[in-house]
Amino acid sequence: PSVTIGRDAGDLVMKDGQVSGRHAQLTWDGSALTYTDLGSTNGSFDSAGNRLMAPRVLGQGDTIRIGTQSYITVRMIEGADANAAKGRTIFAGGM
């Protein structure tokens, strides 16, 4: 399954003028979560400030900056039953 991130449309809509209409995609293949910038104008950056030019496999604690001020951070949900969350995408606010 995949989640499209954008300013105007997508599964996850971010109200940020620096996020492109169709900015990026998160894909889960059953063993890895991959972030792909979809050719956005203002880019996607890792925590060191490097622009992502190719798909990036994300791990626990990885943070991606989208545009100039929006962030996605990968967090493990402690105690979650693997079968209970199967086929679901979970997003939680906060920093």
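Residues numbered from 1 in each chain as written. Predicted model: local features only at pLDDT ≥ 70, side-chain atom pairs only at ≥ 80, totals over all residues. Heavy atoms only, no water.

Novice: Break down the environment of Thr36 for me, citing the residues and quoting the values.
Specialist: Considering the arrangement of structural elements, one finds Thr36 in strand β4 (residues 33–37). The sequence separation of Thr36 and Leu52 amounts to 16 residues, and the corresponding C-alpha distance is 8.0 Å. Those residues in contact with Thr36, other than ones at most four positions away along the chain, are His23, Ala24, Gln25 and Pro55. (Helix = DSSP H or I, 4+ residues; strand = E, 2+ residues; numbered from the N terminus. Contact = heavy atoms within 4.5 Å.)

Novice: Tell me about the environment of Ile72, and please be specific about residues and values.
Specialist: With respect to the secondary-structure elements, Ile72 resides in strand β8 (residues 70–73). By relative accessible area, Ile72 is classed as buried at 12%. Sequence separation between Ile72 and Asp62 is ten residues; the distance between their C-alpha atoms is 8.2 Å. Filtering out sequence-adjacent residues up to four positions away, Ile72 remains in contact with Ile5, Leu26, Asp62, Thr63, Ile64 and Ile66. (Buried < 20%, exposed > 50% of the residue type's maximum accessible area, 1.4 Å probe, protein only.)

Novice: Describe the side chain of Thr34, and please don't skip the residues or the numbers.
Specialist: Positionally, Thr34 belongs in strand β4. Assessed through its relative accessible area of 19%, Thr34 is described here as buried. In this view, Thr34 contacts Gln25, Leu26, Thr27, Pro55, Arg56 and Val57; residues no more than four positions away in its chain are not counted.

Novice: Kindly report on the sheet that holds strand β6 (residues 56–58), identifying the contributing residues and their values.
Specialist: Ordered by their spatial adjacency, five strands build an open sheet running β2-β1-β3-β4-β6, and the pairing between neighbours is mixed. A single partner strand is all that each edge strand has here, and the edge strands are β2 (12–13) and β6. Both strand β1 (residues 2–6) and strand β3 (residues 24–28) contribute to a ladder of four bridges, which runs antiparallel. Looking at the pairing, Thr4 lines up with Gln25 of β3. (Pairing = 2+ DSSP bridges.)

Novice: Summarise the nonpolar core; cite the residues concerned and give the values.
Specialist: Ranked by size, the top nonpolar core spans 13 residues in total, and within it Ile5, Leu26, Tyr35, Leu58, Ile64 and Ile66 carry the most contacts. For this core, the secondary structure elements donating two or more residues are β1, β3 and β7 (63–66). (Core = buried A, V, L, I, M, F, W, Y, C linked by side-chain atoms within 4.5 Å.)

Novice: Kindly report on the sheet that holds β7, identifying the contributing residues and their values.
Specialist: Across the sheet, which stays open at both edges, the three strands sit in the order β5-β7-β8 with antiparallel pairing between neighbours. This sheet does not close on itself; its edge strands, each paired only once, are β5 (44–45) and β8. Here four bridges tie β7 to β8, and the two strands are oriented antiparallel to one another. Pairing of Arg65 across the sheet is with Tyr71, part of β8.

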